[in-house]
There are 2 protein chains.
Amino acid sequence: MTAKKDYVRPLDFKTGRVDMNHGAGGRASAQLIRELFASAFDNEFLRQGDDGAALPAPPPGHRLVMATDGHVISPLFFPGGDIGCLSVHGTLNDVAMMGAQPLYLSASFILEEGFPLADLKRIVQSMAAAAAEAGVPIVTGDTKVVEQGHGDGVFISTTGLGALPPGRQMGGARGRPGDVVLVSGTMGEHGVAVLSLRESLEFETAITSDTAALHTLVADLLAAVPEGAVRTLRDPTRGGLATTLNEIAAQSGAGMLLQEAAIPMLPQVEAACELLGLDPLYIANEGKLIAIVAPEAADAALAALRAHPLGRQAARIGVLTDDPHHFVQMATRFGGQRVVDWLSGEPLPRIC
Amino acid sequence: MTAKKDYVRPLDFKTGRVDMNHGAGGRASAQLIRELFASAFDNEFLRQGDDGAALPAPPPGHRLVMATDGHVISPLFFPGGDIGCLSVHGTLNDVAMMGAQPLYLSASFILEEGFPLADLKRIVQSMAAAAAEAGVPIVTGDTKVVEQGHGDGVFISTTGLGALPPGRQMGGARGRPGDVVLVSGTMGEHGVAVLSLRESLEFETAITSDTAALHTLVADLLAAVPEGAVRTLRDPTRGGLATTLNEIAAQSGAGMLLQEAAIPMLPQVEAACELLGLDPLYIANEGKLIAIVAPEAADAALAALRAHPLGRQAARIGVLTDDPHHFVQMATRFGGQRVVDWLSGEPLPRIC
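For clarity, every value in this text was computed on a predicted model and none was experimentally measured. (Residues numbered from 1 in each chain as written. Chains lettered and ligands numbered in written order. Predicted model: local features only at pLDDT ≥ 70, side-chain atom pairs only at ≥ 80, totals over all residues. Heavy atoms only, no water.)

A tally of helices and strands in chain A yields eight helices and 14 strands. The globule rule puts the C-alpha radius of gyration for 352 residues at 20 Å, and the 22 Å found for chain A is close to it. Principal-axis analysis of the C-alpha atoms places the extent of chain A at approximately 80 × 50 × 35 Å. Burial statistics for chain A: of 352 residues in total, 61% are counted as buried. Look at the contacts in chain A between residues 6 or more apart in sequence, and 84% of them connect residues 24 or more apart. Side chains of chain A give 26 positive and 39 negative charges; the mean places of these two sets differ by 6 Å. (Helix = DSSP H or I, 4+ residues; strand = E, 2+ residues; numbered from the N terminus. Rg over C-alpha atoms; globule rule 2.2 N^0.38 Å. Buried < 20%, exposed > 50% of the residue type's maximum accessible area, 1.4 Å probe, protein only. Contact = heavy atoms within 4.5 Å. Lys, Arg positive; Asp, Glu negative; His and termini not counted. Charge placed at Lys NZ, Arg CZ, Asp CG, Glu CD.)

Structure follows, in C-alpha cells:
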C-alpha cells in the first residue's frame, strides 16, 4: 500500500491553470502550497505548517511596527518588476518608514480561476527573491481562489512586522517649520513605467520601475544623524510626491515651500509625462523616500542618502513653513509660486 | 480663507458608491479612511495616521504569532454574519489556535468600483463590532479599488498578531497515538448557512453561521489542563472537519479513529446536507475548534470546553492511532468502518 500523496501528479507549471480546487482547502490547495509557496518561500517558520507562525519577539525594549498593503497592480508584469517583488517592497518600505527594522512578512493571495500557473510561479519566485534579498522571510500565508470574472489574475496583500528601537519617535506629525524636505532620488519612474505599458507607449529610452526595498537606506540615514533629527519618513507611492507631502503637511500642521528645480527627475520621465498629460509630482514611486529632517542635520542626512546605492540622486527640495493652512507651495522654475494641491481630477488607478 | 478640508462634502453612505478615486491615494482616499475606517475602528494606534502602527511588544519572554487570512466569501452577507465579522473571527482564531493571545489586527480591503457605500459601511461596522467584542484593535490598514468586473464587491485580508507564552509548544505535529480528538461543538453550520443562501434554499429551521472568536474558549481550555497536554488546536474551516483532521494526521504522522455517532451536528444541518448532496464532514465551520489532547487530560479539557458558552456541545469524537499511512478512519453509526479522505470531487468555493 502506498501513502496517499503518491497518487497526486505534480502541478503543471507549464500549461496548467489555477482552478477552484486550489482554493477549496483540500488536497489541491495543499499541493499548491507545498509545490509552489512553501517551496519558493522556504524558511523555518513557514515549515511549521500551522495556521500561523510562531516567531521570536523583537529585542527587549523594542516596540513592534505593523503595516499592511494590498497590491492590485495592472498589468502584473511591468518594466523593472512585477506584482510579486512589489508586494514585498511596498510593505517592507511601510515598515521601514516608521523607523523600524523589518523582521517578518505574511502574504495573502487572491487568485482568479484560470490564471496561468506559469505566471503565478514567476510572481511567487519574484516575491521569494525580493524577500531573500531584503533578508525578511515570508513566514505565513493564505490562498483563496475566486471564479473567473470575479478577480483580476492575482491580488496580493502583504503584512510586515518590524522592530522599533527604544526611544525612536517618527511620524507625520513631528515636522516643524524650518525642517528640511529631502527626497532620496528621481521621482515618477514606477508610475510612468506602468502607465506607458498600459497605454502601449514605447519611449526611446525605456523607463523602468524603481521598485526596491528601502530599509537599508533608512538604516544608513538614521545612523548618520542624532536620534530625533529625522522627524518623518514616508514613501511617495499612490498619489506621488505631491499627495504625500500634503499628507505630511496636514499631519504636522506646517506648510511647505518646495523648489521645483531641485526635484530630481529623469528627462525621459518628464517627456513621458508631457506626452501622457500627467503631472510627474502625482506619479507613484516604489523605491524612493521623503525625509523631513531637522535643519542642523540636513547636510549629514543628505550625505548619508547619497552614499547608498539607492540614494545617489538624493536632493534637498524644500522646507517646512509656518502656515496655518498647511499649504504645499512650490517656487517654479520660471520664478513664480503655486500651490501643489492634493490629487484631483482623474485618478491613476491600479498603479500599485 | 478656509482650511481645505471644508471643501469636501461628506461621503454619501445612503446612495453613494465606491469609485476609482477612493483607491487613488488622493483626497477621496483620505476621506474614505477618515469618515469610514478610522471612525469605525478608532483606537490609539490607528490614530497615529502613519503608514503603519507602532505597537507595544508582547510581555517579556513571549514569542509572537502571526497569521493571515484572505476573505472572499460570496454572498457577503449571510445568516449569522457577514464578511466583516468573519474577517475578524477567522484571523483571530488562527492566532488563538497557535495557543497565543491575540493582540492586534491589520486589514487590507480590495473594493470593486460601484460597490454601495451603504454595504461597505455595514461590513466595516460589523468588523469594528467583532474586533471590539474580542478586545483586539484593528491597528493599521489599506484600501485599494479595482474596476467594475475585476473584483467582487469586497475582499478583506486580515493579519493577526498574538503573544505566545514562554514554553508553549503547540502545532499539528505534536499529536501522538492515544491522544484524544475533541471538537468544541456542532459541525457544519457556517458552510450550510452560506450554501443554502447561495442555492436559494429555505429550510424550516433557519441555519445560521457559527462565526465567532474562539480565543477566550482557547484560554479557558489551556488553563484547565497542564501545559503541553493540548498538543494541537485547529479550526476546521475550509474543507471542514474531515480535511482538517487529515492535515493533522499528516503532520503528526499518526492515524485517527473517529466515532461517527459522537460527532455533534444539528439535525437541520444533517437534513440540509442530505438535500444539497453534501457530506457535512467537509463543510466549513467558523466558530469551532478541534483539540488534540493527551488522554489523561481529556476529561478536564472537555469539561473546560463545555463550561464556555461557545463550547456547550463539545464532544470527544475519536483517538489518534498508530498508522504509518496516517489514515483518518471512522466507525460509522451502522457498525462499519470507512476512511474519511481529504476533500475530493467538487469543491465548495467562496465559503470563507
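Residues and elements named next belong to chain A. Looking along the chain, the bond that leaves Ser-74 and enters Pro-75 is cis, with omega of 0 degrees. Considering the arrangement of structural elements, one finds Pro-75 in the loop between β2 (63-71) and β3 (77-78). The phi dihedral of Arg-350 falls on the positive side, at around 55 degrees, and the residue is not glycine. Summarising the element assignment, Arg-350 is placed in the segment after β14 (337-339). The buried category is assigned to Arg-350, whose relative accessible area is 4%.

With that settled, consider the packing of helix α4 (residues 189-198) of chain B against helix α7 (residues 267-276) of chain B. All names here are of chain B. Across the interface, α4 lies against α7 with an axial gap of 10 Å and an inter-helix angle of 50 degrees. What the angle tells us is that α4 and α7 run oblique. As for the relative orientation of α4 and α7, their crossing is left-handed in sense. Residues Glu-189, Val-192 and Leu-195 of α4 touch α7, and the partners they reach there are Val-269, Ala-272, Cys-273 and Leu-276. (Axes fitted to C-alpha atoms, helices over the stretch in contact; angles between N-to-C directions. Parallel < 35°, antiparallel > 145°, perpendicular 65-115°, else oblique. Left-handed = near helix turned anticlockwise from the far one by under 90°.)

Here we take up the environment of Val-340 of chain A. Residues and elements named next belong to chain A. Position of Val-340 among the secondary structure elements: in the segment after β14. A relative accessible area of 1% places Val-340 in the buried class. With near-sequence residues (within four places) excluded, Val-340 lies in contact with Ala-242, Asn-246, Leu-281, Tyr-282, Val-328, Gln-329 and Met-330.

Attention now moves to the interface of chain B and chain A. The interface is formed by 81 residues belonging to chain B together with 81 residues belonging to chain A. Between chain B and chain A, roughly 6500 Å² of surface is buried when both sides are summed, and carbon and sulfur atoms account for 58% of that area. Across the contact surface, chain B and chain A share twelve salt bridges. With its nearest N and O atoms 4.0 Å apart, the salt bridge here joins Arg-234 of chain A to Asp-51 of chain B. Summed over the shared surface of chain B and chain A, the result is 35 residue pairs in polar contact (both at pLDDT 80 or more). For the side of chain B that touches chain A, the secondary structure elements donating two or more residues are α1 (27-41), β1 (53-55), β2 (63-71), α2 (83-97), β5 (101-112), β6 (138-146), β7 (154-164) and α6 (240-252) of chain B. For the side of chain B that touches chain A, a count of residues per class yields 35 nonpolar, 29 polar and 17 charged. (Buried area = accessible area lost by both parts, 1.4 Å probe. Salt bridge = Lys/Arg side-chain N within 4 Å of Asp/Glu carboxyl O. Polar contact = N/O pair within 3.5 Å; in protein donor to acceptor, adjacent residues only side chain to side chain. Nonpolar A, V, L, I, M, F, W, Y, C, P; charged D, E, K, R; others polar.)

Superposing the two chain copies requires a rotation about an axis and a translation along that axis. Superposing chain B onto chain A takes a rotation of 180 degrees plus a shift of 0.0 Å along the axis, which leaves an RMSD of 0.0 Å. In short, the pair behaves as if placed about a two-fold rotation axis. Relative to the rotation axis, the closest C-alpha in chain B is found at Gly-151 of chain B, a distance of 2.1 Å. Here 99% of the contact residues of chain B are again contact residues in chain A; the copies associate through an equivalent surface. (Least-squares fit on C-alpha atoms with pLDDT ≥ 70 in both.)

For any pair of aromatic rings, geometry is given as the distance between the ring centres together with the angle between the planes. A full pass over the atoms with the stated rule returns seven aromatic pairs over all chains. With a centroid separation of 4.6 Å and an interplanar angle of 40 degrees, the aromatic rings of Phe-37 of chain A and Phe-109 of chain A are classed as tilted. Taken together, the positions of Phe-37 of chain A in helix α1 (residues 27-41) and Phe-109 of chain A in strand β5 (residues 101-112) put the pair 72 residues apart, joining distant regions of the chain. In terms of burial, Phe-37 of chain A and Phe-109 of chain A fall into one category: buried. Pairing Phe-45 of chain B with Tyr-104 of chain B gives two aromatic rings, centres 5.7 Å apart and planes at 80 degrees, and the pair type is edge-to-face. Here the residue Phe-45 of chain B occupies a position in the loop between α1 and β1, and Tyr-104 of chain B occupies one in strand β5, the gap between them amounting to 59 residues. A relative accessible area of 11% places Phe-45 of chain B in the buried class. Here the aromatic residues Phe-37, Phe-41 and Phe-109 of chain A are joined through ring pairs into a cluster of three or more. Sitting over the ring of Phe-77 of chain A, Arg-122 of chain A keeps its end group 3.7 Å from the ring centre. (Phe/Tyr/Trp six-rings, centres within 6.5 Å; stacked < 30°, edge-to-face > 60°. Lys NZ or Arg CZ within 6 Å of the ring centre and 35° of its normal.)

Residues and elements named next belong to chain B. Burial of β7 is extensive: eleven of the eleven residues sit out of reach of the surface. In β7, alternate side chains face the same way, and those of Val-154, Ile-156, Thr-158, Gly-160, Gly-162 and Leu-164 on one face and Phe-155, Ser-157, Thr-159, Leu-161 and Ala-163 on the other are all buried. As judged from the nine bridges shared by β2 and β7, these two strands associate in the antiparallel manner. Within the sheet, the bridge partner assigned to Asp-69 lies in β7 and is Thr-158. (Pairing = 2+ DSSP bridges.)

Turning next to the nonpolar core. Core analysis: the largest hydrophobic core is formed by 75 residues, its most contacted members being Phe-109, Leu-120 and Leu-245 of chain B. Sort the elements by how many residues they give to this core and helix α3 (residues 117-134) of chain B lands first, with nine residues. Formed by 74 residues, the second largest nonpolar core is a distinct cluster that contains Val-18, Ile-83, Leu-117 and Ile-292 of chain A. (Core = buried A, V, L, I, M, F, W, Y, C linked by side-chain atoms within 4.5 Å.)

With that out of the way, let us pick up the UniProt feature "domain: PurM-like N-terminal" (unreviewed entry) in chain A. Under the UniProt annotation, the feature "domain: PurM-like N-terminal" (unreviewed entry) is placed at residues 49-163 of chain A. Annotated as residues 49-163 of chain A, this span is 29% helix and 41% strand, and its ends, taken at the C-alpha atoms, are 24 Å apart. (UniProt positions renumbered as here; feature names shortened; annotations may be inferred.)

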